[in-house]
Amino acid sequence: MFTRSLAFTAALLVSVAANAAETPNLGTPITEAEAKAWDLSILPNGEGLPPGRGSVQQGELIYEQKCQGCHAEKGAGTPADKLVGGQGTLNGDVPPVKTVGSYWPYATTLFDYIRRAMPLAEPQSLTADEVYALSAYILNLNGIVGARATMDAKSLPKVKMPNRDKFFVVYPGRFP
Amino acid sequence: MSKELDADQVAGNGLLDRRVFLRQGGGIIGAVGAAVGLAGYSRPVEAETLVVPEWTKKPGALFEPYTQPSKYETKVARGPIPPSPYNGIGPGSVRAPLQHLEGMITPNGVHYERSHNGVPDIDPAGHRLLIHGLVKKPLVFTLDALSRYPMTSRISFVECAGNSGGMYAEKPAEGTAQSLHGLVSCAEWTGVPLAMLLEEAGVDPSAKWLVAEGADAAAMSRSVPIEKVMDDALVALYQNGERIRPANGYPMRLLLPGWQGNMNVKWLRRIKLLREPAQTKDETSKYSLLLKEGKVAQFHFPLDAKSVITKPSPGVNMTSPGLYEISGIAWSGNGKITKVEVSADGGKSWAEAALSGPVLSKAITRFRLPWRWSGGPAVLQSRAIDETGYVQPTREKLIGLRGSRSQYHCNLITSWGVAANGEVKHVYA
């Protein structure tokens, strides 16, 4: 009796296992620390920001060497995007000038984007200090932080962008 | 025109019942069918003398490993090729030649492309997909590993959220179906459901979003709600039966059926599970909708129902008065197309088109309608309706709702003006 009921229980266990979804499981486990080498994402609360710091003044120098060729003097734009100005053009019917200063809702996006994608011909070549400095400089050009500001993992997420409150989230709703 | 022909007119300016062509040769209504079928076509005035052509009198070419389109079909090409102000690098897009295609599938060589810093040259052996963040067990996948997973195929359109943005302009932009609307394409995509890979990694219940990132020089990245991923997201490896073309994400791309093309991240290399969206450049600075009074609608993901007539259309002009088939494409990011209506009088009256071929959720659907062109001026329009009951809006309605500065998600009704000489132009009606 004992052996029969054991066999029955074993059969039951096998059938339960067969009913659970099976997948190939061919991913190689990696630690979150190892994943860091590829992790470029910065969240609005500052999660992901690396150590380091940079000032408006340092940013100005780097900007002149590595960015000005495409974004023009003081971020005035063309051939690439204008990085400065446009405040007051988002209302009414005038053509909008959307820039970091007039449009962007989060300051952390600057760090995230410059580090991953700029300068165009050499993405991911800037140090964390350089990216902080460039972020500080572009924010200062837009009058959002003072000329003596320094950006780091603490100060950057605290910067309140002027257009933040104009953004509203549609998902999961439907939009006309 | 005979009485029978009048009876087939179902809307103004010569639009005929969608079943007219199907009737030809059909016994019961054969008489009407024959009259419509023949009376409409203009026949060549003089009969040709038939000669046996040269290519029939000598053996043809031998086998090629991978064939190309006929050399006579060079007009079926992506374009316009944008100039680069940055010494041959940089962002841009090229459009699919919609007016030269038929059916629902876009051939791989002419699928539209939007890229933010070029097409990376990826060696598949060195490519990795990393899944990490709010998971129990971060994982790395090789292409070989993913190739062993059970696959799913689905036919899905991909459309850039900036497609048709020129239609918001005050004056009608000159252009073709390709240059105005060509940032949409449709293919059969095959790959591994992303939900399966996430389950293997063990998603933490606090994860509500993920950020997907490409291995290109823009490291293009977008945040995606987890519900969508669990619903129908694929890590696509194949496009119309062959490995995804480099311009479309080789060796793997994210497929989010019906949602903004930009979110269908190409060259997919990293997925990080998060509590909240990452607020990347392409979901804040770009692909958000600036509304009246300066408000900005963010995270409007599905592309709403839309349609455009491809034949006739600018460059695919009318030749002589008579019977034609109007043909076009319709699609909706919210499900199946249930109906397409066509007008030849600028929206005064509408006739229901036939939906031709498979009608699939979030795929391009071909529509067709017979039209007897009198040779006079006409304004052709099409409007798509999807299974949620959503009706493609007029220009007036869409701009009334959003203003004209939102740039993205433009799905208003397109008007093609047909002149008496047969030339077709983009107009506002």
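Note that the structure is a prediction, hence the values are computed from the model and not measured.

## Focus on the packing of aromatic side chains
Part 1 of the argument: Counting across every chain of the model gives 14 aromatic pairs over all chains.
Part 2 of the argument: Judged by centre distance (5.3 Å) and plane angle (50 degrees), the rings of A:Tyr63 and A:Tyr137 are tilted. Residue A:Tyr63 is located in helix H3 (residues 56-66), and its partner A:Tyr137 is located in helix H6 (residues 128-141); the two are separated by 74 residues in the primary sequence.
Part 3 of the argument: Since its relative accessible area comes to 0%, A:Tyr63 is described here as buried.
Part 4 of the argument: For the ring pair A:Tyr171 and B:Phe301, a centre distance of 5.5 Å and an interplane angle of 50 degrees mean the geometry is tilted. A residue pair is termed interchain when its members come from two chains, as with A:Tyr171 in the segment after strand S4 (167-169) and B:Phe301 in the loop between strand S16 (296-298) and strand S17 (306-311).
Part 5 of the argument: Feature note: the residues A:Tyr171, B:Trp209, B:Trp259, B:Phe299 and B:Phe301 constitute an aromatic cluster, connected by ring pairs.
Part 6 of the argument: Geometry around A:Tyr103 places A:Lys98 over its ring, the cationic atom sitting 4.9 Å from the centre.

## Describing the interface of chain A and chain B
Buried accessible area, meaning the area lost when the parts come together, often serves as the stated size of an interface.
Part 1 of the argument: Opposite the 53 residues of chain A that make contact, chain B presents 66 residues.
Part 2 of the argument: Taken together, both faces of the contact between chain A and chain B bury some 5,200 Å²; the carbon and sulfur share is 58%.
Part 3 of the argument: Our enumeration of links across chain A and chain B arrives at five salt bridges.
Part 4 of the argument: Between B:Lys272 and A:Asp39 there is a salt bridge, with its nearest N and O atoms 2.7 Å apart.
Part 5 of the argument: Counting every contact that joins chain A to chain B gives 38 residue pairs in polar contact (both at pLDDT 80 or more).
Part 6 of the argument: The set of elements that each furnish at least two residues to the side of chain A that touches chain B consists of strand S1 (28-29), helix H2 (32-35), helix H5 (108-117) and S4 of chain A.
Part 7 of the argument: No other element matches the four residues that H5(A) contributes to the side of chain A that touches chain B.

## As for the side chain of B:Arg269
Part 1 of the argument: Secondary-structure assignment places B:Arg269 in strand S14 (residues 268-274).
Part 2 of the argument: You can call B:Arg269 buried: its relative accessible area is 12%.
Part 3 of the argument: Ignoring sequence-local partners within four residues, the contact set of B:Arg269 consists of A:Trp38, A:Leu40, A:Gln124, B:His127, B:Arg128, B:Leu129, B:Leu130, B:Glu213, B:Gly214, B:Ala215 and B:Ala219.

## A word on the sheet that holds strand S6 (residues 139-142) of chain B
Part 1 of the argument: Spatially, six strands are ordered S1(A)-S6(B)-S5(B)-S14(B)-S9(B)-S10(B) in an open sheet, and the strand pairing comes out mixed. If you trace the sheet from one side to the other, it starts and ends with S1 of chain A together with strand S10 (221-225) of chain B, each paired once.
Part 2 of the argument: For strand S9 (residues 209-214) of chain B and S14(B), the ladder comprises six bridges, and the chain directions are antiparallel. In the strand pairing of S14(B), B:Val211 is matched with B:Lys272.
Part 3 of the argument: Packed onto the sheet, helix H6 (residues 194-201) of chain B meets strand S5 (128-133), S6, S9 and S14 of chain B and runs at close to 55 degrees relative to S5(B).

## Quick word on H3(A)
Residue and element names in this part refer to chain A.
Part 1 of the argument: Turning to H3, its buried residues number three or more, namely Val-56, Gly-59, Ile-62 and Tyr-63. Taken down its axis, H3 places every buried residue within 120 degrees of arc, on the same side. Facing away from the buried side of H3 by more than 90 degrees, the exposed set consists of Gln-57, Leu-61 and Gln-65.
Part 2 of the argument: Its buried side turned inward, H3 meets strand S2 (53-55), helix H4 (68-71) and H6.

## Examining empty space enclosed by the protein
Residue and element names in this part refer to chain B.
Part 1 of the argument: Across all of its chains, the model carries three cavities of 30 Å³ or more by this definition.
Part 2 of the argument: Forming the boundary of the largest cavity are 19 residues, of which Arg-114, Arg-253, Gly-261, Asn-262 and Lys-266 lie nearest the centre.
Part 3 of the argument: Considering every element that reaches the lining of the largest cavity, the biggest residue donor is strand S4 (residues 113-115), with three residues.
Part 4 of the argument: Empty space within the second largest cavity amounts to approximately 80 Å³.
Part 5 of the argument: Contributing to the lining of the second largest cavity are Leu-98, Leu-101, Glu-102, Gly-103, Met-104, Ile-105, Thr-106, Thr-310, Ile-329, Ile-364 and Arg-366.
Part 6 of the argument: Grouping the constituent residues of the lining of the second largest cavity by class yields six nonpolar, three polar and two charged.

## Brief notes about the domain arrangement of chain B
All names here are of chain B.
Part 1 of the argument: By domain assignment, chain B separates into domain 1 (124-287) and domain 2 (306-427).
Part 2 of the argument: Distance between the C-alpha centres of domain 1 and domain 2: 29 Å.
Part 3 of the argument: Between domain 1 and domain 2, the contact holds 32 residues from the first and 28 residues from the second.
Part 4 of the argument: Here domain 1 meets domain 2 over a buried area of about 2,300 Å², counting both sides, of which 61% is carbon and sulfur.
Part 5 of the argument: Contact with domain 2 buries area across many residues of domain 1, yet Phe-157, Met-167 and Tyr-168 alone supply 32% of it, more than any other trio.

## Here's the deal with unusual backbone geometry
Part 1 of the argument: The step from A:Thr78 to A:Pro79 runs through a cis peptide bond, and the omega angle for that step is 0 degrees.
Part 2 of the argument: You can see A:Pro79 is positioned in the loop between H4 and H5.
Part 3 of the argument: Here the residue pair A:Met118 and A:Pro119 is connected by a cis peptide bond, since its omega of -10 degrees sits within 30 degrees of zero.
Part 4 of the argument: Inspection of the secondary structure assignment puts A:Pro119 in the loop between H5 and H6.
Part 5 of the argument: The backbone of B:Gln407 sits at a positive phi, close to 65 degrees, despite the residue not being glycine.
Part 6 of the argument: Here B:Gln407 is to be found in the loop between helix H8 (395-402) and strand S24 (415-418).
Part 7 of the argument: Owing to a relative accessible area of 38%, B:Gln407 belongs among the partly exposed residues under this scheme.

What counts and what doesn't
- Residues numbered from 1 in each chain as written.
- Chains lettered and ligands numbered in written order.
- Predicted model: local features only at pLDDT ≥ 70, side-chain atom pairs only at ≥ 80, totals over all residues.
- Heavy atoms only, no water.
- Phe/Tyr/Trp six-rings, centres within 6.5 Å; stacked < 30°, edge-to-face > 60°.
- Helix = DSSP H or I, 4+ residues; strand = E, 2+ residues; numbered from the N terminus.
- Buried < 20%, exposed > 50% of the residue type's maximum accessible area, 1.4 Å probe, protein only.
- Lys NZ or Arg CZ within 6 Å of the ring centre and 35° of its normal.
- Contact = heavy atoms within 4.5 Å.
- Buried area = accessible area lost by both parts, 1.4 Å probe.
- Salt bridge = Lys/Arg side-chain N within 4 Å of Asp/Glu carboxyl O.
- Polar contact = N/O pair within 3.5 Å; in protein donor to acceptor, adjacent residues only side chain to side chain.
- Pairing = 2+ DSSP bridges.
- Axes fitted to C-alpha atoms, helices over the stretch in contact; angles between N-to-C directions.
- Arc of directions from axis to C-beta.
- 1 Å grid on protein atoms, 1.4 Å probe; cavity = no way out; pocket = protein on both sides within 12 Å on 5 of 7 lines; lining within 4 Å.
- Points joined across faces, edges and corners; volume = space filled by probe spheres on them.
- Nonpolar A, V, L, I, M, F, W, Y, C, P; charged D, E, K, R; others polar.
- Domains from an automatic or database assignment.

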